[in-house]
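The lines below spell out each chain.
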Amino acid sequence: MVTVPGVYAPQDDTRLLAAALAREDIRPGAEALDLCTGSGVLAVTAARRGARVTAVDVSRRAVWNARLNALLARRRIRVRRGDLTESLPPEERFDLVVSNPPYVPAPPGVTPVPGPGRAWDAGATGRELLDRICEDVPDLLKPGGLLLLVHSALCGPDETLSRLAGAGLLARVDARARIPFGPVLRSRLDRLRACGLLDPWDESEELVIIRAWCP
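Figured I'd write up the structure that's included with this text.

### Thoughts on the pairing of strand E7 (residues 204–213)
Looking along a regular strand, one sees side chains alternate from face to face of the sheet.
Link 1 in the chain: Most of E7 is tucked away: eight of the ten residues are buried.
Link 2 in the chain: By the bridge criterion, ten bridges tie strand E6 (residues 170–180) to E7 in an arrangement that is antiparallel. The residue of E7 that forms the bridge with Pro180 is Ser204.

So, in structure tokens, the structure goes:
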């Protein structure tokens, strides 16, 4: 697997989500969707488990990178460029959706633009894409379908659970992991502490895996 410059390189959040995916029983031929695919690591992981995978990213460079990694892995993956679910046919449904979206709280006035920051900046609270995923994904799941979603605890896991439950899914936090602050968060510590998203003594970030499914 390769990651080209300008595409989000797999990190702790990707590995945590890949581990959650490995715990799931994925039947051969299951229809899977990887939202915000980046380099395509999770899409390839699902394809290696026998799923028929669609991968989506808004970045042209990420789409090219995901196609390259599918080719290197010798896996047939449909890769689309689009803003979350907007590139998908309205009637399409999936057995599995995985997503590692941008979720880092951004300073006021910072909006996602083409470039590396698009892979992590997600509005003032970090929920710019998370809320859209909670709204859109339940309608994409087949009966019994599953969503696996990773994000920082800074963004409010309880809010994610509440929104998914409100959309008719059963949801829980499936895994947690503590990791050191990365360079982006370190550059924003003063602001995050000032607005109450981080306590003054916090020296690490918690990641959570949200598991949600159709009853």
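### Structural notes on the environment of Glu31
Link 1 in the chain: Topologically, Glu31 is positioned in strand E1 (residues 31–35).
Link 2 in the chain: Glu31 sits in the buried class, given a relative accessible area of 17%.
Link 3 in the chain: Once the C-alpha coordinates of Glu31 and Gly50 are considered, the two residues, 19 residues apart in sequence, prove to be 9.5 Å apart.
Link 4 in the chain: The residues touching Glu31, leaving out its near neighbours within four places in the chain, are Arg52, Arg93, Phe94, Asp95, Leu96 and Lys142.

### Some words on helix H4 (residues 128–136)
Link 1 in the chain: Within H4, burial applies to Leu129, Leu130, Ile133 and Cys134. Projected down its long axis, H4 shows its buried positions confined to an angular sector of 140 degrees, all on one face.

### Examining unusual backbone geometry
Phi is mostly negative for residues that are not glycine, and the peptide bonds are mostly trans.
Link 1 in the chain: Here Arg74, not a glycine, exhibits a phi torsion of approximately 60 degrees, which is positive.
Link 2 in the chain: In this fold, Arg74 is placed in the loop between helix H3 (60–73) and strand E3 (77–81).
Link 3 in the chain: For Leu84, which is not glycine, the phi dihedral falls at a positive 55 degrees.
Link 4 in the chain: The class of Leu84 is buried, set by a relative accessible area of 5%.

### Section: the side chain of Thr37
Link 1 in the chain: Assignment of secondary structure puts Thr37 in the loop between E1 and helix H2 (41–48).
Link 2 in the chain: Polar side-chain contacts of Thr37 include one of 2.6 Å to the side chain of Asp34.

### Some remarks on the side chain of Glu24
Link 1 in the chain: If you trace the backbone, Glu24 turns up in the loop between helix H1 (12–22) and E1.
Link 2 in the chain: Looking at Glu24, the relative accessible area reads 12%, which means it is buried.
Link 3 in the chain: Side chain to side chain, Glu24 and Arg211 meet in a polar contact 2.8 Å long.
Link 4 in the chain: Setting aside residues no more than four positions away along its own chain, Glu24 makes contact with Arg49, Leu146, Leu148 and Arg211.

Cut-off values and rules
- Residues numbered from 1 in each chain as written.
- Predicted model: local features only at pLDDT ≥ 70, side-chain atom pairs only at ≥ 80, totals over all residues.
- Heavy atoms only, no water.
- Buried < 20%, exposed > 50% of the residue type's maximum accessible area, 1.4 Å probe, protein only.
- Helix = DSSP H or I, 4+ residues; strand = E, 2+ residues; numbered from the N terminus.
- Pairing = 2+ DSSP bridges.
- Contact = heavy atoms within 4.5 Å.
- Arc of directions from axis to C-beta.
- Polar contact = N/O pair within 3.5 Å; in protein donor to acceptor, adjacent residues only side chain to side chain.

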